[in-house]
Amino acid sequence: MCGIVAYIGNKPALPILIKGLRRLEYRGYDSAGVALMCDRKIERLRSVGKIENLEEKTKDSCLSGNIGIAHTRWATHGGVTEENAHPHFSTSGKLVIVHNGIIENYRELREKLKEKFEFKSETDTEVLVNLIESHYDGDLRLAVEKALLHVRGTYGLVAMHSDEPDKLVAARLGSPLVVGIDEDEFYIASDATPMLAYTKKVIFLEDGEVVEISNGKMETFNLKDESVTKCVEEIEWDDEQAEKQGYDHFMLKEIYDQPTVFEDAIRGRINMGDGTAHLGGLNMTDDEMRGIERIILIACGTASYAAMIGKYAFERLAGIPTEVDVASEFRYRDPIVNDKTLVFAISQSGETADTLAAVREAKRKGAFVRGVVNVVGSTIARETDGGSYIHAGPELAVASTKAYTNMVAIMTLYALQFGRLKRITPATGQRLIKALLEIPEKMNSILKQTDEIKKIAEKYKDSRDFMYLGRGINFPVALEGSLKLKEISYIHAEAYPAGEMKHGPIALLSPEFPVFALMTKNQLYEKTRSNIEEVRARDTKVILIANEGDENAKELADDVIYIPPTMELLEPLLNTIPLQIFAYHMAVLLEKDVDRPRNLAKSVTVE
Ligand code: F6R
């Protein structure tokens, strides 16, 4: 979490930094700040709250300069105060840094430094900046390198020093940093989105690397001060994709992006003739694939619900026993993993610390580890030995929508690829592909119902509790629907497999505790229907997702959202969309900050 932006070039830095921070606000928005180099003097402005507060402050300032660093914070050490906001100065006021990550041994370091240095904040970052200062001897890069040898923890940092006014130094361990290159101008940021408007040429810093940019030149080193050669890569995303394009919120735009990005995810990866899929990044021979005895899907939050859907696909199509593990639990339970295990790490950001830790643990134990990731060049994408990008494009709303859909799409394709190798016929594969190709049109028909779903949200906006129910493949959909509602509208929402209600949770229900249930026409339709009848008998209000033409649904529910049918395995690709739209409208009606819900950040880079 926390977002870093820095610029060094010929243009005024401030507007670039503020615009860049806006792009990174999803990484945290407790406070923000900026520092600019102006005639050998560093000027700084900080503000509690969102970027707009900082921007407002800069209007009354005379901040100027062509070199600067900026930060948006998600608090870890120290409360949400201006004192704790970045950038942080060293005691001399000559050195300033922005930092993303956690310095685990900061107390120890602070004890050692406190005789010579004064600390004004409670942050680990202020310890870090003074540690760098304690090694400064006229060369900022060397000071950074030497200081970092004493640090335990994670960092992405950018530093500048007023004695070397034409220089930026950045370093990475565990927290991502990308450098954008536009001839003799350079951008540094936690991801590529702040630089998309200026350049597509980037380098991704690796752990333990330090970059120095000065007088239009960039050089990369390791912590032993040895020179490192980097490859310049080209980013495909464009700036327009990262804009709201007329929608009120990024979340709504991203919900509407789904039909298009779903097509992007499957394009070039299916083969109708053979009834199979081919994801080149799997990097496994047919024999290795046949030898897989177990699949483990590791992920967090929404990505873990997408993984639960993937489990159905792998077991049904490929007959391979599949487990889903929440990444933060995986490595602490001493998982049984060997060279017959295939682990998929599923992550939108590709930076989630828990998922990354699980990747490392699974690799250490000898499993095949592959990534299903959205952000190109992200740490998980690079640390796994293959995998696939989900091609959802930049997802900027904190609540994930289109990335979830594309994770489901990619896992379905992997399951098909394994399935065709192991047991299913070309005809079965072709049926699945045909159904996949129909999904975008069906998604569009659901999106056309946004106004009706909004009317339903208006009826329920005063409810303080919700129960989401689904069975089989619709249980993870219920979990995802309830997560969307709670995270952006702060309404308490639970999700249960519908068949579990009678074992306890049904006691919660009352006319004030509405139920949102998924009752589409799959093999569990009749069973689900009986469960809804049990709920209905408790005088509870019911909203149902049902398939077009299902007249029974009307008798069982106060409100029905009709959606087109599809194959059971693909139902989540459609059934989740009305739940996303419902949660969105609830949050808007309750006047919540839809794109930046309280206490959250999009990229969770702390364990
Ligand atoms: C919820 C949400 C989170 C993420 C989770 C994992 O809407 O977005 O639950 O799914 O933090 O993030 P990634 O996919 O980046 O690993």
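Note that this is a predicted model, so its numbers are computed, not measured. (Residues numbered from 1 in each chain as written. Predicted model: local features only at pLDDT ≥ 70, side-chain atom pairs only at ≥ 80, totals over all residues. Heavy atoms only, no water.)

Draft legend 1. Seen up close, the pairing of strand β13 (residues 217–222). Bridge count for strand β12 (residues 209–214) against β13 is six bridges, and the pairing is antiparallel. Note that in β13 the partner of Glu 209 across the bridge is Asn 222. In this antiparallel pair of consecutive strands, β13 and strand β14 (residues 227–228), the connection spans four residues, and Asp 225 shows a positive phi of 65 degrees. (Pairing = 2+ DSSP bridges. Helix = DSSP H or I, 4+ residues; strand = E, 2+ residues; numbered from the N terminus.)

Draft legend 2. View of the pairing of strand β27 (residues 559–563). In terms of burial, β27 is largely enclosed, as four of its five residues are buried. By the bridge criterion, five bridges tie strand β26 (residues 542–547) to β27 in an arrangement that is parallel. Bridge pairing links Ile 545 to Ile 561 in β27. (Buried < 20%, exposed > 50% of the residue type's maximum accessible area, 1.4 Å probe, protein only.)

Draft legend 3. Structural context of the packing of aromatic side chains. With the rule as written, the count across this model stands at eleven aromatic pairs. Between Phe 344 and Tyr 414, the aromatic rings sit 4.7 Å apart at their centres with planes inclined by 45 degrees, giving tilted as the arrangement. With Phe 344 in strand β20 (residues 341–347) and Tyr 414 in helix α12 (residues 402–422), the pair connects residues that are 70 residues apart, well separated along the chain. Each member of the pair Phe 344 and Tyr 414 is classed as buried. (Phe/Tyr/Trp six-rings, centres within 6.5 Å; stacked < 30°, edge-to-face > 60°.)

Draft legend 4. A look at the sheet that holds strand β8 (residues 164–173). Taken in spatial order, the seven strands make up an open sheet running β5-β6-β7-β8-β12-β13-β14, and their pairing is antiparallel. A strand with exactly one partner marks an edge of an open sheet, and here the two such strands are β5 (88–89) and β14. Docked against the sheet, helix α4 (residues 124–134) engages β5, β6 (95–100) and β7 (155–161), running at close to 135 degrees with respect to β6. (Contact = heavy atoms within 4.5 Å. Axes fitted to C-alpha atoms, helices over the stretch in contact; angles between N-to-C directions.)

Draft legend 5. Region of the structure containing the site of the ligand. Contacts to the ligand come from 15 residues, most closely from Ser 347, Gln 348, Ser 349, Thr 352 and Glu 487. For the ligand, an oxygen atom lies 2.6 Å from a polar atom in the backbone of Gln 348. Contact between the ligand and Ser 349: an oxygen atom at 2.7 Å from a side-chain N or O atom of the residue. Contact with the protein chains removes 90% of the 410 Å² of surface that the ligand exposes when unbound. Mapped onto the shell around the ligand, the elements with two or more residues apiece are α8 (301–318) and α15 (474–489). Its residues assigned to classes, the shell around the ligand shows six nonpolar, seven polar and two charged. (Near = heavy atom within 4 Å. Polar contact = N/O pair within 3.5 Å; in protein donor to acceptor, adjacent residues only side chain to side chain. Areas by Shrake-Rupley, 256 points an atom, 1.4 Å probe, with all protein chains shown as cover. Nonpolar A, V, L, I, M, F, W, Y, C, P; charged D, E, K, R; others polar.)

Draft legend 6. Up close: the pattern of salt bridges. This model, assessed by the stated rule, comprises 44 salt bridges. For Arg 267, the salt bridge identified is with Asp 264, shortest N-O distance 2.9 Å. For Asp 264, a relative accessible area of 25% gives the class partly exposed. The salt bridge partner of Asp 334 is Lys 365, with a shortest N-O separation of 2.7 Å. With Asp 334 in the loop between α9 (327–330) and β20 and Lys 365 in the loop between α10 (353–364) and β21 (368–373), this residue pair connects regions lying 31 residues apart in the sequence. For Asp 334, a relative accessible area of 57% corresponds to the exposed category. The partly exposed category is assigned to Lys 365, whose relative accessible area is 23%. One salt-bridge network, held together by shared partners, links Arg 141, Glu 145, Glu 164, Lys 167, Glu 212 and Asp 225. (Salt bridge = Lys/Arg side-chain N within 4 Å of Asp/Glu carboxyl O.)

Draft legend 7. Highlighting helix α1 (residues 13–24). A rise of 1.5 Å per residue sets the reference length of α1, with its twelve residues, at 16 Å; its end C-alpha atoms lie 16 Å apart and thus fit the reference within 8%. Counted residue by residue, α1 has nine buried out of twelve residues, so it is predominantly covered. For α1, the complete set of buried residues consists of Ala 13, Leu 14, Ile 16, Leu 17, Ile 18, Gly 20, Leu 21, Arg 23 and Leu 24. The inward-facing, buried residues of α1 abut β1 (3–8), β2 (31–38), α2 (51–59), β4 (67–73) and β10 (185–189). (Expected span 1.5 Å × (residues − 1).)

Draft legend 8. Spatial organisation of the sheet that holds strand β23 (residues 465–470). Strand order across the open sheet formed by five strands is β24-β23-β25-β26-β27, with parallel pairing between neighbours. One side of each edge strand has no neighbouring strand; the edge strands of this open sheet are β24 (492–497) and β27. Direction aside, the axes of adjacent strands within the sheet are offset by 20 degrees on average. Sheet strands in contact with helix α14 (residues 450–460) are β23, β26 and β27, and its direction is about 155 degrees off that of β27.

Draft legend 9. Fine view of unusual backbone geometry. Here the residue pair His 86 and Pro 87 is connected by a cis peptide bond, since its omega of -5 degrees sits within 30 degrees of zero. As for its placement among the helices and strands, Pro 87 is situated in the loop between β4 and β5. Positive phi values are uncommon outside glycine, yet Asp 39 reaches one of about 50 degrees. Look at Asp 39 and you get exposed, because its relative accessible area is 74%. Phi at Glu 183 takes a positive value of approximately 55 degrees, unusual for a residue other than glycine. Note that Glu 183 resides in the loop between β9 (178–182) and β10.

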